[in-house]
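Chain residues, written in single-letter form:
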Amino acid sequence: DGGITQSPKYLFRKEGQNVTLSCEQNLNHDAMYWYRQDPGQGLRLIYYSQIVNDFQKGDIAEGYSVSREKKESFPLTVTSAQKNPTAFYLCASSIRQGDQPQHFGDGTRLSIL
Amino acid sequence: QQPVQSPQAVILREGEDAVINCSSSKALYSVHWYRQKHGEAPIFLMILLKGGEQKGHDKISASFNEKKQQSSLYLTASQLSYSGTYFCGTKSFGNEKLTFGTGTRLTIIP
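An account of the accompanying structure is given in this report. Keep in mind that this is a model prediction, so the values were computed, not measured.

**Comments concerning the overall build of chain B**
Next up, step 1: The number of helices and strands found in chain B is 0 helices and 11 strands.
Next up, step 2: Ordered by position from N to C terminus, the α and β elements of chain B give β-β-β-β-β-β-β-β-β-β-β.
Next up, step 3: For chain B, whose C-alpha radius of gyration is 13 Å, the value lies close to the compact-globule estimate of 13 Å for 110 residues.
Next up, step 4: Its C-alpha atoms give chain B principal-axis dimensions of about 45 × 30 × 20 Å.
Next up, step 5: In chain B, which comprises 110 residues, the proportion classed as buried is 46%.
Next up, step 6: Considering only intrachain contacts with a sequence separation of at least 6, the fraction spanning at least 24 residues in chain B is 56%.
Next up, step 7: Accessible surface computed for chain B: about 5500 Å², of which carbon and sulfur atoms make up 50%.
Next up, step 8: Side chains of chain B carry 12 positive and 8 negative charges; the gap between the two charge centres is 6 Å.

Right under this line is the structure:
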């Protein structure tokens, strides 16, 4: 079955540590996205990538970094510069950038110890 | 700028109808609708691309009024499975990024 796999489902981080959230898709989609979801605030775009080796900042990119070395993979690193990282993180993909349906993974819940 | 959804929450009995609105302060190019159940991934419902467009499947439909810069999602004869949080996402002219509203929480009770 094609889809998007996010891992881990739950992640705990000590203050001052960087952590990397994994996102893999086997849908052969060109575009991939990272969103952050906080209670009552909907989905906010962190980074997106339209093709391999290219990505753009979303609305809340500060404290985060990404890479897109392979079409299938779009990992997100939450750095120590992100002062309030506790949130639910969702990865999504679409066939291409534009008005296409986005397919979401099941998310990673990040908490600070 | 984030679109505004209304109402923020609504509780219905099974079989009742609901309308969820999504408004923007900017001229809209397209509107996307998603539903998310608690702790799960959002699921795509539909995209409306031009003013006056209406779409629907089963008993869920939507309209897009570009002059009013808003879209409405209609759920008729609601079923228990319709429960969840509904998000609209909007794109304005000159901005390729999809911006989501804060969501409308729909609870259907038997």
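**Quick notes on the pattern of salt bridges**
If charged atoms from side chains of opposite charge come close, those side chains can pair.
Residues and elements named next belong to chain A.
Next up, step 1: By the definition in use, this model includes 4 salt bridges over all chains.
Next up, step 2: Taking the shortest distance from any N to any O, the salt bridge between Asp38 and Arg36 comes out at 2.8 Å. Side by side, Asp38 and Arg36 carry an identical accessibility label, which is buried.
Next up, step 3: Put simply, Asp38 and Arg44 hold a salt bridge, and the shortest N to O gap is 2.8 Å.
Next up, step 4: Assessed through its relative accessible area of 25%, Arg44 is described here as partly exposed.
Next up, step 5: Several salt bridges share partner residues, and in doing so they unite Arg36, Asp38 and Arg44 into one network.

**Looking at the sheet that holds strand E1 (residues 4-6) of chain B**
Residues and elements named next belong to chain B.
Next up, step 1: Taken in spatial order, the 5 strands line up as E1-E3-E8-E7-E6 in an open sheet, and their pairing is antiparallel. Only two strands of the sheet have a single neighbouring strand rather than two, namely E1 and strand E6 (54-57). Mean inter-strand twist for the sheet, computed between neighbouring axes without regard to direction, equals 15 degrees.
Next up, step 2: Looking at chain direction, E1 and strand E3 (residues 18-23) are connected through 3 bridges and run antiparallel. Residue Ser6 lies in a different strand from E3, and its bridge partner there is Asn21.

**Regarding the nonpolar core**
Generally speaking, soluble globular proteins have nonpolar side chains that are buried together.
Next up, step 1: With 20 residues, the main nonpolar core has Trp33, Met46, Leu73, Leu75, Tyr82, Tyr86 and Leu106 of chain B as its most contacted residues.
Next up, step 2: When contributions to this core are tallied by element, the ones reaching two or more residues are E3, strand E4 (28-36), strand E5 (43-48), strand E7 (60-65), strand E8 (70-75), strand E9 (84-92) and strand E11 (104-109) of chain B.
Next up, step 3: With 19 residues, the next largest nonpolar core counts Ile4, Leu11, Cys23 and Phe74 of chain A among its residues.

**Comments concerning the packing of aromatic side chains**
Where two aromatic rings form a pair, the distance of their centres and the angle of their planes describe that pair.
Next up, step 1: As enumerated under the stated definition, the model contains 9 aromatic pairs over all chains in all.
Next up, step 2: On the numbers, 5.7 Å between centres and 70 degrees between planes, the contact of Tyr34 of chain B with Phe44 of chain B is edge-to-face. With Tyr34 of chain B in strand E4 and Phe44 of chain B in strand E5, the pair connects residues that are 10 residues apart, well separated along the chain.
Next up, step 3: With relative accessibility at 0%, the residue Tyr34 of chain B sits in the buried group.
Next up, step 4: One aromatic cluster in this structure is built from Tyr33, Tyr35 and Phe104 of chain A together with Tyr34, Phe44 and Phe100 of chain B.
Next up, step 5: Geometry around Phe74 of chain A places Arg68 of chain A over its ring, the cationic atom sitting 6.0 Å from the centre.

Criteria and thresholds
Residues numbered from 1 in each chain as written. Chains lettered and ligands numbered in written order. Predicted model: local features only at pLDDT ≥ 70, side-chain atom pairs only at ≥ 80, totals over all residues. Heavy atoms only, no water. Helix = DSSP H or I, 4+ residues; strand = E, 2+ residues; numbered from the N terminus. Rg over C-alpha atoms; globule rule 2.2 N^0.38 Å. Buried < 20%, exposed > 50% of the residue type's maximum accessible area, 1.4 Å probe, protein only. Contact = heavy atoms within 4.5 Å. Areas by Shrake-Rupley, 256 points an atom, 1.4 Å probe, with all protein chains shown as cover. Lys, Arg positive; Asp, Glu negative; His and termini not counted. Charge placed at Lys NZ, Arg CZ, Asp CG, Glu CD. Salt bridge = Lys/Arg side-chain N within 4 Å of Asp/Glu carboxyl O. Pairing = 2+ DSSP bridges. Axes fitted to C-alpha atoms, helices over the stretch in contact; angles between N-to-C directions. Core = buried A, V, L, I, M, F, W, Y, C linked by side-chain atoms within 4.5 Å. Phe/Tyr/Trp six-rings, centres within 6.5 Å; stacked < 30°, edge-to-face > 60°. Lys NZ or Arg CZ within 6 Å of the ring centre and 35° of its normal.

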